[in-house]
Amino acid sequence: MKYRVLALACSALVFLPGGIVAEVPSVIAIRGARIVTVSGPVIPRGTVILRDGLIEAVGDAQPPPEAWVIDGEGLTVYPGLLDALSTLGLPDMPRLNGTGRPNAARPRSAPAPARGPEDRPLNTSYLRAAGELSLTDRRLEAARNAGFTGAVTFPTEGVFAGLGAVIDLAGKRPGEMVVQSPAGLYLTMYNGGFGTGYPSSLMGVIAYIRQIYLDAGQYKAARDIYAAHPNGLKRPGYDKWLEGVLEAPRVLLPANDPKEFERMLRLGEELNLQVLLYGLAEGFRAPEILRKHNARVLVNLRWPEKPRGADPEAEETLRVLETRDLAPSTPAALVKAGVKFAFYAGALEKPADLAPAVRRAMIAGLSHDDAVRAMTLNVAELYGVADRLGSVEKGKIANLVVTRGDLFRDKTEVKYVFVDGMKYEPETPAPAAEVTR
Amino acid sequence: MTRLLWAALAASFTLPAAPPVVIQNARVLTVTRGSFTGAVLVKDGKIAEAAEKVMIPPGARVIDAGGQYLMPGIIDCHSHIAADSINEGAVSVSSMTGIEDVLNPDDISIYRALAGGVTTANILHGSANSIGGKCIVIKTRWGSAAEGLKFKGAMPGIKFALGENPKRRGMDDGPAGSRRNLRYPGTRMGVEDVIREAFTEAKAYQARWKEYEAGKARGETLIPPRRDLKLEPLVEVLEGKRFVHAHCYRADEILMLLRVADEFGFKIRTLQHVLEGYKVAREIAAHGAGASTFSDWWSYKVEAYDAIPYNAAIMVRKGVLVSLNSDSAELMRRLNTEAAKTMKYGGLTETEALSLITINPAKQLKIDDRVGSIEVGKDADLVLFDKHPLSSFAKVQKVFIDGALYFDRDRDLSERQLLQLKKKKLLEQEKQSAPQQKKQDRRPQ
């Protein structure tokens, strides 16, 4: 059934491809809805007023006369979901793969094998997601239909893949999507293996990362000294790779099991980096390590699965079986240990897989509140944009998802999605959009 | 047997700080202080007493080892277990890399080595490079995190390699059907050149930093030189703060390396493999290098044709500090029988043979004040065999590291079934939750 309370009456309809109707009134009020603010207590029945893309009021406010009013009876308003790690809006770049392991760098050309860190191999730290966004990415619409209004999106190729951005999942021009850039630098442990250029091994990658950060520190010192006293000093050269590294407010490092947690957290501490670990499939094994290091982590919602086409005769180890069984208990274990985490859906095959994946974590002990928080306010806090995103609060960006039923439940229907105060409606009540990628 | 089965099994052995342990009625092979039938008292992770009779302190755990043999934990001076990567083969000087960064405490080879009585191992970078990566000495503390594996206080090391491995990095197709070498060097001469060039650079780097430190001491405002992770370990070698473990085979390349080291003023701590060491044993002893070799491997590659099983014994007799290593996760489990071979080939005594896998590698790694023999005050790294460890029928019964029981054969055997059950349960659970597949009709035609 279609909820088009206002659509027919509206004079300024914008028809977007894919059957979505966006409306452009500057003031919208959702009245009489249950409001899950996330930052505060749930408001059983209240009004949310959106003006010029921002949240103007939450609670028992009266809709102003100029507002387009939506009857929220029976509906729940949540902050729009944020995908903490994705490639949304970057259709030309490879997607995150399901394993949480890095993507191979595509051979853009065939460069000479690197001889060391000075050749800056597998390094596009200067690449900015914010400058590469495209509204033609069909995944944007599919993600909105699943309740996402924002994402943190990254280039993902190579070792130093590039600078991510916090984006809204809609806009008139790509630049309008950007909320914060750079959001961080995405690093992987990718290497071509023995017989390729440097680095060709995991230890080569780690040594390379260490050298780059040492170089960046040296570069910054030299740059600052030169900026203060250019006269009479030999000028330092410009290094676009180190510029990218220096610009990143935080670094994303991959870690799926306890040995990797320690390895990456120690590296981060040694290099004095703000680290977000991503992956975390085996987080259930050692939440105390994460707690001890005060780690901040991004949990891959694509739980480990038996590889398709695996040899049915091959015997799997107890550890692999255990991991598949217990990986969804990671979020609950993190909550219990007091480790701050957010979910990322970027590795899911399609947005429709989101709710079942979250439900598995809830069956394994995660509360509904914590699940919602892990896809809203926690994401905003981990990326330092909680003053703008992540909750239903006055002054924040008007990104909301309005549902009939609790988020992530089996039969829940996403009724509306608001991005920057613009209303989007999934065309079909059951948003099971299959997107070919 | 699956890897994780073992992991879970062995993890349960790791005990917290335990009460004193007395192992009594054992034949104690101290290696450095002769052998006797008696007891060893372990307290706070150290050997507190080793004598024919010891006082059993109250609350002590007493293990009756009647008819069994107690020896110091075996030390492997050349191993590649417990690491997630071994070779950074893209460059011929990969000294910026280090095993410490990639230690893998989940490697089942740790447990298997432990089950073979190995308690300490020198984990080396591979041999694809003239100058390889940094090494690390570990104890086989199965069940601990990477940090817990480290042998705290051991000297850091670095791997060098000579001969076939560093000169053959790989080939690709060159123009007109030719083949070309992908990486310099392609010859033994080239290997020498790479080492010389690296140390020449390292000396210049060392001088730059000294100059900077001197200027800073004079109160000048200076930008510090760029730190170079490739050259830093080589400066440490020059300053005697890092041991060189050099993979080598042929007599000529061994002499070459000793000459280069003498010229640049550093020492080769150990020659690894050193299959032609018997030809130049006097020169090796004169340099002060140790030799860590195989018992009886030969002819598996062209540079190993002149290897003889008497190598270890001849070098011992010529005054070289010799150890036997595994270089292999499989061989590592039975280094005791490797040591026994030197009695047949070269006539070493029992104690000399045992020294090759205990006190000698401990000296080579400069950890002989801590491990390598059963002496009061040393770490309680002990192995209990049911028969004399130099017998090929001997099986490891118990292994202690720092006084804690890390391997127990009886427990291992009894817990295997439990783990199998656990696994079976998980497999069935997964089968049931998997979507039902249509059964195909397979009626015979």
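Quantities reported herein were computed from a predicted structural model and do not represent experimental measurements.

Engineer: So, the domain arrangement of chain B: which residues are in play, and what are the values?
Structural biologist: Residues and elements named next belong to chain B. In terms of domains, chain B is made up of domain 1 (1–73 + 373–420) and domain 2 (74–371). Centre-to-centre separation of domain 1 and domain 2, based on C-alpha positions: 30 Å. The interface of domain 1 with domain 2 comprises 36 residues on the first partner and 37 residues on the second. Taken together, both faces of the contact between domain 1 and domain 2 bury some 2700 Å²; the carbon and sulfur share is 63%. Notably, a salt bridge pairs D379 with R370, separated by 3.0 Å at the nearest N-O pair. Taken together, the connections running from domain 1 to domain 2 amount to eleven residue pairs in polar contact (both at pLDDT 80 or more). The element contributing the most residues to the side of domain 1 that touches domain 2 is helix α1 (residues 3–11), with six residues. For the side of domain 1 that touches domain 2, the per-class residue count stands at 22 nonpolar, seven polar and seven charged.

Engineer: Pulling in residues and values, what's your account of the confidence of the model for chain A?
Structural biologist: All names here are of chain A. For chain A, the average pLDDT comes to 90, and 89% of its residues sit at 70 or higher. A low-confidence stretch, residues 1–19 (pLDDT under 50), is modelled with 39 contacts involving residues beyond four sequence positions or located in other chains. The low-confidence segment residues 430–437 (pLDDT under 50) makes 16 contacts with residues lying over four places distant or belonging to another chain.

Engineer: Can you tell me about the sheet that holds strand β8 (residues 131–139) of chain B, naming the residues and giving the values?
Structural biologist: Residues and elements named next belong to chain B. The mixed open sheet is built from eight strands, whose spatial order is β6-β7-β8-β9-β12-β13-β14-β15. The sheet is open, and its two borders are formed by β6 (74–79) and β15 (322–324), each paired with just one other strand. On average, each strand axis in the sheet is inclined to that of its neighbour by 25°, with strand direction left out of account.

Engineer: Quick one: what's the story with the environment of K301 of chain B, residue by residue and with numbers?
Structural biologist: All names here are of chain B. By secondary structure assignment, the location of K301 is in the loop between β14 (290–293) and α9 (311–317). Through-space distance from the C-alpha of K301 to that of P156 is 30 Å; in sequence the pair is 145 residues apart. Contacts of K301, omitting those with residues within four sequence positions, involve E164, N165, R168 and Y249. At 2.7 Å, the side chain of K301 forms a polar contact with the side chain of N165.

Engineer: Explain the pairing of strand β17 (residues 413–419) of chain A to me, using residue names and the numbers behind them.
Structural biologist: Remark: a regular strand shows side chains that alternate across the two faces of the sheet. All names here are of chain A. Summarising burial for β17: seven of the seven residues are buried, a large majority. Pairing of strand β16 (residues 400–404) with β17, which is carried by five bridges, proceeds in the antiparallel orientation. Looking at β17, one finds that V401 is bridged to V417. Relative to strand β18 (residues 422–424), β17 runs antiparallel, the two sharing three bridges. Each bridged residue has a counterpart across the sheet, and for F418 the counterpart in β18 is K423. In this structure, the hairpin formed by β17 and β18 is closed by a connection of two residues, where D420 is found at a positive phi of approximately 50°.

Engineer: Which residues make up the side chain of K415 of chain A, and what are the values?
Structural biologist: Structurally, K415 of chain A is set in strand β17. Here the side chain of K415 of chain A touches E413 of chain A through a polar contact of 3.0 Å, side chain to side chain.

Engineer: Tell me about the packing of aromatic side chains, and name the residues and values.
Structural biologist: For the coordinates displayed, the defined rule picks out 21 aromatic pairs over all chains. Consider the rings of F199 of chain B and F266 of chain B, whose centres lie 4.4 Å apart with planes at 20°: the pair is stacked. Here F266 of chain B lies in the loop between α7 (251–264) and β13 (270–273) and F199 of chain B lies in helix α5 (residues 188–217), a separation of 67 residues in the sequence. Comparing F199 of chain B with F266 of chain B, the two get one shared label, buried. Relative to Y212 of chain B, the ring of W209 of chain B has its centre 5.6 Å away and its plane inclined at 85°; by these criteria the two rings are edge-to-face. Of this pair, W209 of chain B and Y212 of chain B both sit in helix α5, three residues apart, which is roughly one turn of that helix. Under the relative-accessibility criterion, W209 of chain B is labelled partly exposed at 21%. Look at Y212 of chain B and you get buried, because its relative accessible area is 11%. An aromatic cluster is built from F154, Y186, Y278 and Y383 of chain A, whose rings are joined through pairwise contacts. The ring of Y126 of chain A has K240 of chain A sitting right over it, with the charged end atom 4.1 Å from the ring centre.

Basis of the calculations
- Per chain, the residues get numbers from 1 upward, laid out in the order the sequence is written.
- Here every chain gets a letter starting at A, and every ligand a number starting at 1, in the order they are written.
- This being a predicted model, a pLDDT of at least 70 is required before a residue's local features are given, and a value of 80 or more before pairs of side-chain atoms are given or counted; all residues contribute to the totals for chains, interfaces and linings.
- The side-chain quantities take in all heavy atoms of the structure and omit both hydrogens and water.
- These domain boundaries are the output of an automatic or database domain assignment.
- Contacts were defined at the residue level, with two residues in contact if any of their heavy atoms lie within 4.5 Å.
- Two parts placed together each lose some accessible area under a 1.4 Å probe, and the buried area is that loss summed for both.
- Basic side-chain nitrogens of Lys or Arg form a salt bridge, by our definition, when they fall within 4 Å of a carboxyl oxygen of Asp or Glu.
- Polar contact is the term for a pair of N or O atoms within 3.5 Å; when the atoms are in protein, one must be able to donate a hydrogen and the other to accept it, and sequence-neighboring residues count only if both atoms are side-chain atoms.
- The helix count covers DSSP runs of H or I at least four residues long, the strand count covers runs of E at least two residues long, and both are numbered beginning at the N terminus.
- Lys, Arg, Asp and Glu make up the charged group, whereas Ala, Val, Leu, Ile, Met, Phe, Trp, Tyr, Cys and Pro make up the nonpolar group; the residues left over, Gly among them, are polar.
- The quantity known as pLDDT measures the predictor's confidence residue by residue, on a range of 0 to 100.
- A pair of strands counts as paired when DSSP detects no fewer than two bridges linking them.
- In this description, a line fitted to the C-alpha atoms serves as the axis of each element, helices being fitted only across the stretch in contact, and the angle between N-to-C directions of two axes falls anywhere from 0 to 180 degrees.
- Burial status follows relative accessibility: with a 1.4 Å probe on protein chains alone, a residue under 20% of its type maximum counts as buried, one over 50% as exposed, and anything between as partly exposed.
- Whether two aromatic rings pair depends on their centres lying within 6.5 Å, for rings of Phe, Tyr and Trp, where Trp uses its six-membered ring; planes under 30 degrees apart make the pair stacked, over 60 edge-to-face, and the rest tilted.
- Only Lys NZ and Arg CZ are tested; either one counts as a charge over a ring when it is within 6 Å of the ring centre and within 35 degrees of the ring normal.

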